[in-house]
Structures are given as C-alpha cells and as structure tokens.
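So you can see what is in the structure, the chains are spelled out below.
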Amino acid sequence: MHSYLTQNLSQPWPILKHYDQDHLYNIALPLGGIGTGTVSLGGRGELRDWEIGNKPAKKYSTVTIGNDAPFFSVFVNQPSTSSKITKVLIGPVHPTEYLHYEGRACNHHGLPRFRQASFDAAYPFGVVNLSDSNMPIEVRIKGFNPFIPTDAESSGIPIAVLYYEVTNLTNEILDVSICGSMRNFVGQDGSKYFIAGNGDYVPIGAKNNTNVYREDFSGQLKGIYMNSTNIDPNDPAWGTIALTTLVDSPNAIVTYRLSSISNAWYHALLDFWDDFSTDGTLHDKGQLIDDNPMASLAVKKQIQPSGVELFPFFITWNFPNRMAWSPTIVGNYYSTLYKDAWDVCIQTLPHLADLEMNTLDFINLILASDYPGVLKEAALFNLTTLRSQTVFRIADGHLMAWEGVFDIFGSCLGSCTHVWNYEQAIAFLFGNLAKTMRDVEFNYATFDDGAMNFRVQLPLTKPQVRTGTAADGQMGCIMKMYRDWQLSGDDDFLKKNWQQIKKVLAFAWQPNSWDTDQDGVEEGAQPNTMDVTYYGPNPQCNFWYLGALRAAYVMASYIGDEDFANKCGYLFMHGSTWVDNNLFNGEYYEQKIIDPETGQFMSNDDSNVPDYQLGKGCLVDQLVGQMMSHVCNLGYLASSTNIAMTCRSILKYNYLDTFNEHFNNMRSFVIGDESGLLMASWPRGRLQFPFPYFSEAMTGFEYTAACNMIYENQTQEGLKCIQSIRNRFDGLKRNPFSEPECGHHYGRSMTSWATLLAWSGFHYSAVTRTMEFGDKTGVFFWSNGYSWGSCWIVKDKTKAHLTVVYGTVEIEFFGIKGKPMKKLLERVILSSTSDLKTLTIEFDD
C-alpha cells in the first residue's frame, strides 16, 4: 500500500487533448466504472453530475445550487509572510454564471477560487491545472477510473480516484492541507424535491443519515463511511458512500469532521471554513442530528522548496437497487461483488497501482499508434458512454442499456437493437459483455416465430410481451452474432444460438413480413431507426438484410446446415444484384416507395406517397450494413464501384461547411458556423414530409458515413467529417465526453470506435486464427475483445511485428492487404503472461 503512492508519482499521465481556460465550461469527465454510475470531474476542478444513485442526474450536485455542494479546498501556510490562504480547488467563474435572481448562479459562488485553469485529457485520465498569482502553489487535480479492455470487472469498479498534486513554487517549506467536504446524500438522488419559497428545487430523501470515521490497513486507509438506517433499504436511492484517503508517510496528518453545525443561514459552511482556515486541520463535532450531515476529511503535509506532494482521495459507492425500466428491482452486478462502499476500498486500493498501470498501457498504446489524432479522440472520449447511466449490468451480469440519458431519467428503454447495432466498442473491447447482449436479443427478446422485440423488457425473468420488431435492428443482430462468434471463436456460443439465429432471419420470409416473396430484397413495411416505417426497398434496411444473409451463409456452412446456407447464399446474390440494378441511381442508393395499400411502386411525385419516407433522398447512413460487413470481414454487399461513388455523393450532398444558412424544423445538434453531415439531402427533389430527422445531424450517423469513406480509401474525406464532429465538442459549447442524440452519452456515438478499425483494416477471426491489417504501414493498436496489443508494419511491408500486451491470442494465419496471406509453420499462442509476447512475420518482397 505504501509503495503505491510513490510509484504513482513517477507515472506521468498522457495527454491527447488540451483545453485552455476559454474552453472549460461544459467539460464533465465521468469517473466511475462500467455499470456503476459516475461523478464527473469538471473542466475547472468542480465535481458535478452526481449520478451514482441508479439514475441520470445532470447538473445535480446533491443540494440545491449553493456553496455547500461537494467540494475540495486547499489551505496554505507560508511562514515567511505569515500568510494563510484557503481556496476552493476550482477555477474561475464562467461569464454565464453571474446572473441569478437571488445571487446564486452556480455552485461555490462565494468561495475564493483559483484565477487560472486548464484541462488535459486522454480518457479515462483527466487533469485540471490550477494556478493563481496570489498562491505560492500550483495544483493538478488528476482523476481517473480503471479502464482495461477485456477485464470488465476491473473496468467496473464504483470508484472515483482523485489525486491532488501540489507543487511548492517557493524556496521555503510550506504547510499545505487538502480537504474534501460532502454531505451524506444517501436517499437523495435528485428524484424527490420540494419547491422552496424562492423557487428553488430543493432535493429531499435523506433522513437522519449517519457518518462514521473508519480506518483500515493498519491505519493507512482513513476515511468517512456514509450510510443511513432510516431509508427504505429497497429504495433505489438507498446505498452507501465513502470518502477516503491513503496515508503514505508520517508527514501526513489526517483530521476529519463527521458533521458541521446546523445550517441555519448557511452556518454549516461558515463553521467549516473557519475551522479549516485556522491551521488546515479539522476538529470533529461528533454526529450532529441532520438529514444529510456534511462530512469533511483533510490531509495536511509539509512540502519542501520546489517540491511536489500527492494528496490521494477516493470516492466510492454502492447503490444496489437499480430498477431502470423495470417495475421491480433488477439490481447491479457490481453490488454482487462489493458489500458496501467501504468494501470497494478494501478490495480495490491494494491493486490500484496495477489497475492504473494497465490502464496507462492501454491509453499509451493507442496514443503511440499511427492513427490520426482526431480518430484517437473520437474513439476514446466516447467510451464514456460505457460508464454513464446509459449502460448498466443487472445483477446476473447481463449488460443492458438505454439509448441515452436525459438530465434526470433514461431515454428510450430496452437495449434498442436498431441503435446498438451501430457501436463497435463493446465487442472489440469487452467481448464477454457483448455476448451477454446477444443472449438477451436471441434468448429473451425473441419469440417462437422469430420476431425479436427491438426493446427488451425487464426483469428478464418475466415473459416478454410482444411490442414490435425493427427490420434494421433484427438483421443487425444477426451480423453482431456473427462478429462476436468470430472474435471469440466460441463454437458452443454459435451452436447454442443457431436455431434462434435461423428463426430470427426466417422471420423476414413470413407472410406480411419484410421479404415475403423471398427474393433477397426487403419490400415490406420496415420499422427502422428513424422511428418510422419505410414502405418499399431502401438502402438502409436492405444493406442490413444483405449483411445478415451473408453472415448467416457463413455460419450455416460452418455448422453444416447446407440447405439453409444454400438458401441464404442464393438470396444474397439475387438481392445484391437487385439492389445495384434498382436502387443505385448512378450517384447513391435511394428508396423505391411502395404503396402500403396496393403493394405497387409509387412515384415520388404521387400525391398519395406515405409520409416519413426517404424516396430519392441521399441518406447519410445508407451504407451502415456495408460498414458492418467490412467490420466483420464479410466483403462487399453490392458493387464496390457503386459503394465508393455513394460515399463520395454523401460528402457532396450532405456535408455543410456551415449550418448558418440551413433550415431545420427539428432538433439542432449542429448550429451556426459549425460543419457536419446532414441526415439526408434531396438533390433530385424532396418529399413534402420526409422521415422526421432529415434536417438534423447526429454524430453516430456521421461516424458511419466517415467509416465507409475510410474503408473506400477516401481518407481525407472521412477525416474531414470526423474533425467536424469533434470541433463541435470543444469544451465550451459542448462536453467532449458526451455526444448526444436522443439523450446524453448516446449509444450510437460509440460507432466512433469503428474509425480505428477502418483506418488500420484490422480483422481477427478466432475461428480460423487469422489476423489481418489493411494497406497502411506504421504502428497500430489492435483489440479483439479478449486480448489487445500493437502491430508494427514496416514501411516496405516486408515485416510485421505483432505484440500482445494484455490477454492471449492464437495466430495461424497473418495477412497484410496487398500481400499473400501468410500461413505460419505452426499455430502460435501469444500471451501477456508468457515469455512469448511478440511475433515477427516476414513477407516476400
């Protein structure tokens, strides 16, 4: 335990993106594990968005807006000047935070702040840099939570790690104390409140909560354990919290307060401030009877001239009673691993050095790779969605998800298939979690006739009620099943689900379904991710269908189901040809509208054209099935020439350098002089009422188009689109760690991980033990959901050096685009835990 802190000080954190003082206002980097909830580190050092209690809570600070929201402060005593200074560890107030009808426009409005602040990030690492000309110190607030691909448990710890790194700028010894203060808000998750006489929404729910001082690890671990025996233990807001520190040397003095005095006229904060500002230590007043008593924990050290000291703090939690969209408690998987918030510390802190090192290995490997910086940023920063309240694991371990989250509740329940089809991060980083999602789709959401609910109900133990299918969602799940089987090499997984896979695909061939005439073309009514039903063949649904047919053909052939393989192969060939011949208009693929009453094709000009169609529009994600096919290494689903032309047309017709002249009657995710890709354009004439979102721009769809451009070697065009996205999330206008669509932290934003796959051309099949890369040279991070490492392809492509950093991978075949596939002399097993971690493959000139 003692050596951990010393080791930490010697480990620099990488920086991918720097945000100056003018671009901090909306930064909120979530600190928490997969499925645990989070608290966010703000760009100026504030702790914001306290979302640890089983629900979204944007802008929630556990209290009404005020000075006693959770905060950290610093006390400095400079003997030569006899000056004692106390400040909150937060940067300056933003210009928008001045006006309020009662003088409380933001949290901590009345506390002395640092004058300068900036933010550095390489998710999951975030660093706030604070300085002030009146202060003899500089402070770096370093926040992270372990994120280790393939290790879901180590990446799912309910902890916010905060290191306050203080530098002495003087030539004399300084006394410095760092203190964390927060109210015990167990039972108070923001869902219950009353409206005060001044109009404030005051959160309620806490009831005579209790704070207890504890020590462990022979006194090295010290902190305050927060609980409540007066809240219903079945309430979703019931749980435990701990605020702790580790003592690394006799130089450290730890003091605490379990509560302050009564908060009449905000005396609680005044009493704390006076106490702490005297000498940087605290004097406990015992447990005051208070619904949400304010606890404080301080660590005081001497810092040598020009020296640096680290003050570690940890916020841990355990709120076991998740309900999500269930009428009953479905629980949290992490709560089955930890008894309470203190147990999180006991189990985690002895291993935190290794967890941090493995996380650094992952991030440093990506940053050292030859991916363009904007791809690294897009891929890494959107991984926050996995840690947000969008994603959770129920008690039995299944990974579940909303589409996104609104400020105080989830958005669009049910692990929606047509949304979660797009993202690629889970399968390539946490393969076993991806397989739990497939289990839900095929074994809980699917009925005997093959219909798959595109939104699954909870609890899973209750029989599903049929609520509706989605043509794109259902076909995409077949492709995801293929992808996850290939990445895992788990034949039992495939065989166990094979009959379900067949039923799900064959549902398309039933009467009144999507391909009733079984010609490889979906003509029927096709509910889809645009929240409408398309009537008639369209590229979006048909490319998903072609991809599902191709994937099913390969799986059926492997299983030995010859009849099904032959049928899928025939339908694919016929459908692919038909789509090229009938939907491709020379520039892109369009929809052929069918009259839902007569079943006959209609002209776009027909007065009876149903509302909410695509028609002759150029759809931004018309090739989403093709992107997935490339990810799965299934090849082209239609003419490669037509695919390339379509990518160029999407850029030509849908990309706007400025949205300032663009009319949009719906939601605006791009505004003013920002640039991006429209959902659809109509160079050949627009329908009167197209699908509702046609005039918007949303990042997940933009990443899809950009990925296809990169796969078609239109690399600069793809980068242009991705750079436009990330320029919009600059820290001032929007949070770089949350790309919204229908809610914050939207699931589709993790399509950004596919940009790395497209750029490197990476494919891996554990079934055939084959790894492949594209035609680019350089160093590339790779991951397959079960292991990860790097591959250095030398400039002349005569050698490739493959390294495993974490996990185990089997290799029998290795390929680089443009070179014959290399069969190794024998199967090679590379493992991070064995002597054989690196393999050199040589190719003929």
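Every value quoted in this text rests on a predicted model; they were computed, and no experiment measured them. (Residues numbered from 1 in each chain as written. Predicted model: local features only at pLDDT ≥ 70, side-chain atom pairs only at ≥ 80, totals over all residues. Heavy atoms only, no water.)

S.K.: What's the story with the environment of Asp-216 in this structure? I'm lost.
M.R.: In this structure, Asp-216 sits in strand S14 (residues 210-216). Assessed through its relative accessible area of 30%, Asp-216 is described here as partly exposed. Between the C-alpha atoms of Asp-216 and Tyr-193, which are 23 residues apart in sequence, the distance is 36 Å. (Helix = DSSP H or I, 4+ residues; strand = E, 2+ residues; numbered from the N terminus. Buried < 20%, exposed > 50% of the residue type's maximum accessible area, 1.4 Å probe, protein only.)

S.K.: Whenever I open this one, the nonpolar core confuses me. Can you help?
M.R.: Side chains of a nonpolar character, in soluble globular proteins, are inclined to be buried together. Counting residues in each nonpolar core, the largest one holds 248 residues, and the members touching the most others are Leu-505, Phe-691 and Trp-753. For this core, the leading source of residues is helix H12 (residues 539-559), giving 11 residues. Those residues within four positions of Leu-505 in sequence are excluded, and the remaining contacts are Met-475, Ile-478, Tyr-545, Ala-548, Leu-549, Ala-552, Phe-564 and Cys-568. With 13 residues, the next largest nonpolar core counts Leu-269, Phe-276, Met-294 and Ala-298 among its residues. (Core = buried A, V, L, I, M, F, W, Y, C linked by side-chain atoms within 4.5 Å. Contact = heavy atoms within 4.5 Å.)

S.K.: I'm lost on the packing of helix H10 (residues 471-488) against helix H14 (residues 624-631) in this one. Help?
M.R.: How two helices pack is summed up by the angle between their axes together with the distance between the axes. Where H10 contacts H14, the two axes come as close as 10 Å, and the packing angle between them is 15°. Considering their axes alone, H10 and H14 lie roughly parallel with respect to each other. Once H10 is placed against H14, the crossing between them reads as left-handed. Residue-level contacts link Met-479, Lys-480 and Arg-483 of H10 to Gly-625, Met-628, Ser-629 and Val-631 of H14. Residues of the contact of H10 with H14, tallied by class, amount to 3 nonpolar, 2 polar and 2 charged. (Axes fitted to C-alpha atoms, helices over the stretch in contact; angles between N-to-C directions. Parallel < 35°, antiparallel > 145°, perpendicular 65-115°, else oblique. Left-handed = near helix turned anticlockwise from the far one by under 90°. Nonpolar A, V, L, I, M, F, W, Y, C, P; charged D, E, K, R; others polar.)

S.K.: Is there a simple way to explain the sheet that holds strand S10 (residues 159-168) in this structure?
M.R.: Backbone hydrogen bonds are what pair the strands of a sheet, in a parallel or an antiparallel way. Read from one edge to the other, the open sheet built from 9 strands follows the order S1-S7-S8-S9-S10-S19-S16-S15-S14, with strand pairing classed as antiparallel. Only two strands of the sheet have a single partner each, and these edge strands are strand S1 (17-19) and S14. Mean inter-strand twist for the sheet, computed between neighbouring axes without regard to direction, equals 20°. Both strand S7 (residues 116-122) and strand S8 (residues 125-131) contribute to a ladder of 7 bridges, which runs antiparallel. Each residue of the ladder has a partner; that of Phe-119, found in S8, is Val-128. Helix H3 (residues 341-348) contacts S10, S14, strand S15 (221-227), strand S16 (240-246) and strand S19 (308-318) of the sheet and is inclined by roughly 150° relative to S15. Against the sheet, helix H4 (residues 352-368) makes contact with S7, S8, strand S9 (137-144), S10 and S19, and its axis sits at roughly 95° relative to S8, the strand it touches most. (Pairing = 2+ DSSP bridges.)

S.K.: I'm lost on the UniProt feature "domain: Glycosyl-hydrolase family 116 catalytic region" (unreviewed entry) in the chain in this one. Help?
M.R.: UniProt's feature table lists "domain: Glycosyl-hydrolase family 116 catalytic region" (unreviewed entry) at residues 472-742, given in the numbering used throughout. The straight-line gap between the two end C-alpha atoms of residues 472-742 is 18 Å; of that span, 46% is helix and 4% is strand. (UniProt positions renumbered as here; feature names shortened; annotations may be inferred.)

S.K.: Would you take a moment to explain unusual backbone geometry for this structure?
M.R.: Working note: non-glycine residues mostly have negative phi, and peptide bonds are mostly trans. Along the chain, Tyr-123 connects to Pro-124 via a cis peptide bond; the corresponding omega equals 15°. Mapped onto the elements, Pro-124 comes out in the loop between S7 and S8. For the peptide bond that leads from Leu-458 to Pro-459, omega is 0°, which places it in the cis range. On the secondary structure map, Pro-459 appears in the loop between helix H9 (431-443) and H10. The phi angle at Ser-82 is positive, at roughly 55°, despite the residue not being glycine.

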